[in-house]
Amino acid sequence: MSEHPEGVRSTEAHPKGEPPVGIDELLERVRLDLDRVTPEQARDIAAAGGLLVDIRYAALRERDGLIPGALVVERNELEWRLDPQGSHRAAEAVSHDLRVVVICNEGYASSLAAVSLRQLGLRHATDLIGGFQAWKAAGLPVTAGLPVTAGLPVAAGPPATAGLPASG
């Protein structure tokens, strides 16, 4: 909001003077520029050398499993890890021409994330229609286990024997 000379606050959401939009309208707008893909298309993109990027949070990955070969990158690190020019990029972030398919749980947050990657110059970034749940429903491979986060293994936590008395 901005202050008017008489002290009345403006409700304009954007400097352009556009009114605020709700999330449904925002998603509709950003998806106009995305070539969103089906689970089968995502599988084919990965097979052709593209990168599947799982941005779901840990509890969902633990509950539902992982897509084999997908790079796990927390949403709040996505732009830093996938910017090919960035100092914190993942090893997989090799080029602005890389085909990237962003995957969230149901295909909503991934649309916004894909647009953000496009703003960084990743012109082939898109997302998976229906997210991980659509992938799983299509009968495509899902595994359990420790994910790899941005090229680094995720810590496994304490050993199963932690806290138990030593046998002797």
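Our subject is the structure listed above.
Figured I'd write up the structure that's included with this text. (Residues numbered from 1 in each chain as written. Predicted model: local features only at pLDDT ≥ 70, side-chain atom pairs only at ≥ 80, totals over all residues. Heavy atoms only, no water.)

## Side note on the nonpolar core
Generally speaking, nonpolar side chains in soluble globular proteins are found buried as a group. Spelled out, the test is: Here the nonpolar core consists of buried residues drawn from Ala, Val, Leu, Ile, Met, Phe, Trp, Tyr and Cys, with membership extended through side-chain atoms lying within 4.5 Å. Using a 1.4 Å probe on the protein chains alone, a residue whose accessible area is under 20% of its type maximum counts as buried, one over 50% counts as exposed, and one in between counts as partly exposed. In this text, helices come from DSSP runs of H or I with a minimum length of four residues, and strands from runs of E with a minimum of two, each type numbered from the N-terminal end. Any two residues whose heavy atoms approach within 4.5 Å at even a single point are treated as in contact.
Core analysis: the biggest nonpolar cluster contains 21 residues, and V53, I55, L78, L82, V100, V102 and L117 have the highest contact counts within it. Where this core is concerned, the elements lending two or more residues are β1 (51-54), α4 (78-82), β3 (100-103) and α5 (109-119). Sorting elements by how many residues they give to this core places α5 first, with four residues. Those residues in contact with V53 that lie beyond four places of it in its chain are L71, V73, L78, L82, V100, V101, V102 and I103.

## A few points about the pairing of β1
Applicable threshold: Following DSSP output, two strands are said to pair if at least two bridges run between them. Call a crossover right-handed when, viewed with both strands pointing away from you, the route from the first strand across the helix to the second goes clockwise.
Burial along β1 is two-sided: the residues L51 and V53 and L52 and D54 are all buried. One ladder, built from four bridges, connects β1 with β3; its direction is parallel. Of the residues in β3, the one forming a bridge with L51 is V100. Relative to strand β2 (residues 71-72), β1 is paired through two bridges, and the arrangement is parallel. Counterpart to V53 in the pairing with β2 is L71. Running through helix α3 (residues 58-64), the crossover from β1 to the neighbouring parallel element β2 is right-handed.

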